[in-house]
Amino acid sequence: MGESARRDEFRRMKHLPTIKDVAAAAGVHFTTVSMALRSDPRIRPETRNRVLAAALRTGYQRNPVGAALSMRRRSAVAAKNTPRIAFLSNRSPENGFYRRDYIGNLLRGAREQALALGYEFEVVFVDQGHHDSPSLYRYLKKQAISGLIIGAFEPDRAELSLPWEEFCVVQIDSRHHRPSFTFVSHDQMHAVRLAFTNLRRLGYRRVGLAIGANDPIVTADLPGCGYLLELYSVAAADRLEPLLFPPNVNMKAAARIVSEWVREVEADAVICNWMMIGRLLRLGGAPRRVGSACMCLQRPVPHLAGVVSNTDLVGSQLTSRLATLLQSESYGVPAIPTSTYVEGLWHDGTSAPGRN
Amino acid sequence: MSKAFGTMARPRPAETDVDSPPAVVTMRDIARLAGGVHQSTVSLALRNHPAISLATRRHIQRTAAAAGYHRDPLLDAFNERRLQSGQRKSHPVLAFVVDFGHRRKMDASPLHGHLWHGALRAAETLFHRLELFLVGPGALTPERLDSILFTRGIDGLIVASFRPQTPPLELTWKRYCGVKIECQDWVVPHFTIATDLLQSTRVAYRRAKQLGYSRVGLLLEPGERARSDLAQAGYLVEHSPTRARGKPLIAPGNLSVQRLRKWIRSEQIDVVLAASAATGSVLTAAGFAPGREIGWACLALTEAERTVAGLVADYERAGALAVEQVVSLSRLNLRGPSSSSMITYVPSTWRDGPSLPSRHLLTTSR
């Protein structure tokens with residue numbers, strides 16, 4: 001058969017080829033195909049070769065579901081290949097992956113949901129000393145992993161490039177990541193608004209926002225949107241321009257920058273996504289009456305006011321969305337990626353006592 | 001070649017204990033280990049079904065975890081294939097609830113038509129059946145709906161974009177795996193699917209600027225707090241008030257015709273953004289012909305509306321997502337209030353239209 005005729009044959013084939021298609025192509029009965037593919041000795045070698053050639057030509061593949069099922073029914077042993085989900089990060093443990101406090105909650109939520117739905121779950125790193133894109137691709141194929149969670153890929157670190165059409169993908173944060181996939185995250189816009197309104201309720205009048213310079217890129221500027229919206233509801237004189245920390249700033253410099261800014265704009269409270277905001281203000285010598293709140297706490301802390309994120313739910317949603325994609329065989333880059341946001345809850349703390 | 005295929009040959013059953021993989025832990029084993037409960041109790045408990053007391057559920061779930069039992073997605077997938085071949089007669093039913101007194105009224109709403117069709121398709125893919133329930137004057141009261149759903153054992157429920165004047169649906173929410181489409185100001189159900197008005201407003205603002213408009217006005221939606229907030233946030237972030245572009249031009253959507261005219265005149269607004277599709281006729285009533293004397297872009301268009309520029313919302317996708325969400329909740333039997341509220345935004349796509357020509361084509365020059 002010529003190359004073009006073969007292509008035509010493929011084009012006509014709208015469904016996945018079955019052993020009946022192979023049988024038709026080889027001119028034998030389908031039970032012969034079944035036996036030939038299992039190398040049953042009752043089939044003559046020349047017939048088997050003919051069937052194998054036809055199987056290759058039609059692109060026949062064993063249905064892994066059916067095959068796994070029938071194999072297990074026969075042998076009644078545990079399945080070796082539980083489908084797996086890989087959580088990818090471009091920050092390796094050597095570079096502090098597990099030191100980030102939200103990672104623990106995120107992984108727990110994602111892993112527990114994966115187990116509840118019957119998937120195995122593993123964390124894979126794309127970073128120096130670990131995988132790059134080509135080796136990651138080989139690994140995923142070898143392990144037959146088709147469900148991926150792009151977990152908080154940071155800008156200015158290793159990038160990821162895979163033949164996406166072979167994978168079902170969801171992502172958390174990393175809004176700058178191209179292409180964009182089904183997205184799940186904390187509701188940072190809601191968190192800033194919640195912090196802002198609560199600080200106002202506690203009597204603070206000039207509430208500022210301080211975030212890292214990369215954050216608007218990673219979060220599609222959602223904290224900024226929430227902040228602008230709240231500013232719009234207060235008197236024009238109380239609207240402060242947000243502070244952007246330069247990228248990779250060290251603690252000492254951050255303390256100086258935020259304290260200078262607090263004095264300059266006369267802020268009486270600061271919303272920040274860092275838990276150490278209270279310490280930074282003390283360290284930099286900002287006035288003691290300046291309150292502070294963290295917009296992404298991982299658990300309620302008595303000394304720190306702020307919004308406690310439901311990171312477990314973010315993690316379990318990541319897995320749920322991915323399981324839905326895997327189940328409906330939605331591979332590749334979605335035409336319209338959706339975004340899911342999980343709201344947090346406000347907790348009072350001594351870093352922002354009532355002004356009265 | 002035969003070698004390559006040889007690996008696919010049926011594996012011989014393991015002959016030695018050393019090589020043999022561990023035996024499958026079945027629900028029967030768990031039933032025995034959990035102290036002699038029935039296998040069906042185990043099945044229900046592992047699906048977190050409320051028919052089993054919480055204490056028993058936890059006990060069985062812990063036993064199963066300790067014994068190394070886990071759900072088999074291959075079998076799940078196989079079961080779904082099996083269902084596909086039509087052997088099973090009844091699929092679980094999901095309730096699709098709208099606030100129309102009559103089916104005809106729902107059919108007259110393109111938005112609800114899209115939601116319904118999207119939801120229907122997703123339900124089919126996931127082997128559920130979608131059933132329409134009408135709540136409102138001349139149809140079911142919430143109490144009646146509650147008791148019908150209870151009697152029929154329906155626990156998956158989608159609130160499909162109730163209109164803002166309709167009060168929040170009062171049901172025994174703890175019984176349901178519920179998702180609402182729009183209705184963002186309601187507290188329950190905690191899971192929401194909505195169009196991304198924040199992004200829509202950003203896109204519309206930028207497109208208007210590209211087309212040469214300079215005074216962009218935003219009309220909010222009366223009675224829709226959360227949606228108005230999103231539109232406002234999108235507007236503000238594009239407008240960047242702190243970078244001295246002048247004050248934001250935002251007005252409540254329930255202005256009288258006279259006050260709307262006055263607002264447009266005094267602020268010299270040359271383009272109006274709004275989510276409500278009725279804004280076009282309001283502008284006309286105020287004496288500004290859209291597309292000739294003033295630009296107008298709608299932030300939430302349906303597919304069929306071709307005369308207005310703006311963002312076409314993918315309501316079919318929204319309907320489908322609602323079904324996917326409810327099914328994934330009911331698969332794990334997560335009923336009632338969640339630990340947190342959660343919202344999924346469906347993005348819209350921009351479409352040019354005669355209501356928003358290039359700025360220089362408007363007859364008015366301000």
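Above this text sits the structure in question.
Conventions we followed
- Residues numbered from 1 in each chain as written.
- Chains lettered and ligands numbered in written order.
- Predicted model: local features only at pLDDT ≥ 70, side-chain atom pairs only at ≥ 80, totals over all residues.
- Helix = DSSP H or I, 4+ residues; strand = E, 2+ residues; numbered from the N terminus.
- Buried ≥ 20, exposed ≤ 12 C-beta atoms within 10 Å, placed from the backbone.
- Contact = placed C-beta atoms within 7 Å.
- Core = buried A, V, L, I, M, F, W, Y, C linked by C-beta atoms within 7 Å.
- Pairing = 2+ DSSP bridges.
- Axes fitted to C-alpha atoms, helices over the stretch in contact; angles between N-to-C directions.
- Parallel < 35°, antiparallel > 145°, perpendicular 65-115°, else oblique.
- Left-handed = near helix turned anticlockwise from the far one by under 90°.
- Nonpolar A, V, L, I, M, F, W, Y, C, P; charged D, E, K, R; others polar.
- Expected span 1.5 Å × (residues − 1).

Undergrad: Please explain the overall build of chain A as it appears in this structure.
TA: What chain A contains, in helices and strands, is 13 helices and 12 strands. Considering chain A as a whole, with its 356 residues, one finds that 46% of them fall into the buried category. For chain A, the proportion of contacts with a sequence separation of at least 24, taken over those separated by at least 6, is 70%.

Undergrad: How should I be thinking about the overall build of chain B in this particular structure?
TA: A count of helices and strands for chain B gives 13 helices and 12 strands. When the 366 residues of chain B are sorted by exposure, 43% land in the buried category. When contacts within chain B are restricted to residue pairs at least 6 apart in sequence, long-range pairs at least 24 apart make up 72% of them.

Undergrad: Mind showing me how you'd approach the nonpolar core here?
TA: Grouped burial of nonpolar side chains is what soluble globular proteins tend to show. V270(A), A119(B), I158(B), V271(B) and V323(B) are the most contacted members of the largest nonpolar core, which totals 176 residues. It is helix α13 (residues 315-331) of chain B that provides the largest number of residues to this core, a total of 9 residues.

Undergrad: What exactly am I supposed to notice about the sheet that holds strand β7 (residues 249-251) of chain B here?
TA: Remark on secondary structure: sheet strands pair via backbone hydrogen bonds, oriented parallel or antiparallel. Residue and element names in this part refer to chain B. Pairing in this open sheet of 6 strands is mixed, and the strands run β7-β6-β8-β9-β10-β12 from one edge to the other. Across the chains shown, the open sheet's two edge strands, defined by having one partner strand only, are β7 and β12 (348-351). For this sheet the average axis-to-axis angle between neighbouring strands, irrespective of direction, equals 20°. Taken together, the 3 bridges between strand β9 (residues 295-301) and strand β10 (residues 309-313) define a ladder with parallel strand orientation. By the bridge assignment for β10, L301 is matched with V312. The sheet contacts of helix α10 (residues 225-239) involve β6 (216-219), β7 and β9, and relative to β6 the element is tilted by about 165°.

Undergrad: Please explain unusual backbone geometry as it appears in this structure.
TA: Across the chain, the bulk of peptide bonds are trans and the bulk of non-glycine residues have phi less than zero. Cis peptide bonds are those with omega within 30 degrees of zero, and the linkage from R178(A) to P179(A) qualifies with -5°. One can find P179(A) in the loop between β4 (168-172) and β5 (182-186). Positive phi, normally seen in glycine, also occurs at F127(B), with a value near 60°. Within the secondary structure, F127(B) is located in the loop between α7 (110-125) and β2 (129-134). At Q268(B), a residue that is not glycine, the phi angle is positive and equals roughly 55°. Relative to the helices and strands, Q268(B) is located in the loop between α11 (257-267) and β8 (271-274).

Undergrad: Explain the pairing of strand β1 (residues 93-98) of chain B here, please?
TA: A regular strand carries its side chains on alternate faces of the sheet. All names here are of chain B. In terms of residue burial, β1 counts as a mostly covered element, since 5 of its 6 residues are buried. As paired strands, β1 and β2 are joined by 6 bridges and run parallel to one another. Looking at β2, one finds that F96 is bridged to L132. Looking at chain direction, β1 and strand β3 (residues 156-160) are connected through 4 bridges and run parallel. Bridge pairing in β3 places L94 opposite G156.

Undergrad: Quick question: what am I supposed to make of the sheet that holds strand β1 (residues 84-89) of chain A here?
TA: Overall, mixed pairing links the 12 strands, which are arranged β2(A)-β1(A)-β3(A)-β4(A)-β5(A)-β11(A)-β11(B)-β5(B)-β4(B)-β3(B)-β1(B)-β2(B) in an open sheet. Looking along the sheet, the strands with just one partner apiece sit at the ends: β2 (120-125) of chain A together with β2 of chain B. Each strand of the sheet is rotated relative to its neighbour by a mean of 20°, with strand direction disregarded. The pairing of strand β11 (residues 339-342) of chain A with strand β11 (residues 342-346) of chain B spans 4 bridges and is antiparallel. The partner of S339(A) across the bridge, within β11(B), is Y345(B).

Undergrad: Explanation requested: the packing of helix α6 (residues 101-117) of chain A against helix α13 (residues 311-327) of chain A in the structure shown.
TA: When two helices pack together, their arrangement is given by the angle between the helix axes and by the axis-to-axis distance. Residues and elements named next belong to chain A. At a minimum axis distance of 7 Å, the contact between α6 and α13 shows a crossing angle of 40°. Between α6 and α13, the crossing angle belongs to the class labelled oblique. You can see that α6 and α13 cross each other, and the crossing is right-handed. In contact with Y102, N105, L106, L107, R108, G109, A110, E112, Q113, A114 and L117 of α6, α13 contributes T311, D312, L313, V314, G315, S316, L318, T319, S320 and A323. Each residue belonging to the contact of α6 with α13 can be placed in one class, and the counts come to 10 nonpolar, 8 polar and 3 charged.

Undergrad: Any chance you could explain helix α4 (residues 45-58) of chain A here in plain terms?
TA: Since one α-helical turn is 3.6 residues long, residues separated by three or four positions face the same way. If you check α4(A), its first and last C-alpha atoms are 20 Å apart, about what 14 residues at 1.5 Å a residue would give, namely 20 Å. Positive backbone phi, approximately 75°, marks G59(A), located one or two places after α4(A).

Undergrad: Sorry if this is basic, but what is going on with the environment of M189(A) here?
TA: Looking at the element boundaries, M189(A) is found in helix α8 (residues 188-201). What makes M189(A) buried here is the crowd of 25 C-beta atoms within 10 Å. In this structure the C-alpha to C-alpha distance between M189(A) and R57(A), which are 132 residues apart in sequence, comes to 54 Å. Residues in contact with M189(A), not counting those within four places in the same chain, are L222(A), P223(A), C225(A), G226(A) and A233(B).

Undergrad: Mind showing me how you'd approach the environment of R50(A) here?
TA: Relative to the elements of secondary structure, R50(A) occurs in helix α4. In this structure the C-alpha to C-alpha distance between R50(A) and A25(A), which are 25 residues apart in sequence, comes to 9.4 Å.

Undergrad: In this structure, what is going on with the packing of helix α3 (residues 30-37) of chain A against α4(A)? I would like to understand it.
TA: Residues and elements named next belong to chain A. Where α3 contacts α4, the axes come no closer than 9 Å and their chain directions differ by 95°. When the axes of α3 and α4 are compared, the pair comes out roughly perpendicular. Listed contacts from α4 to T32, V33, A36 and L37 of α3 are T47, R48, V51, L52 and A55. Of the residues that constitute the contact of α3 with α4, the class distribution is 6 nonpolar, 2 polar and 1 charged.

Undergrad: Whenever I open this one, the environment of W116(B) confuses me. Can you help?
TA: All names here are of chain B. Its place among the elements puts W116 in helix α7. With 199 residues separating them along the chain, W116 and Y315 place their C-alpha atoms 8.8 Å apart. Those residues within four positions of W116 in sequence are excluded, and the remaining contacts are F96 and G319.

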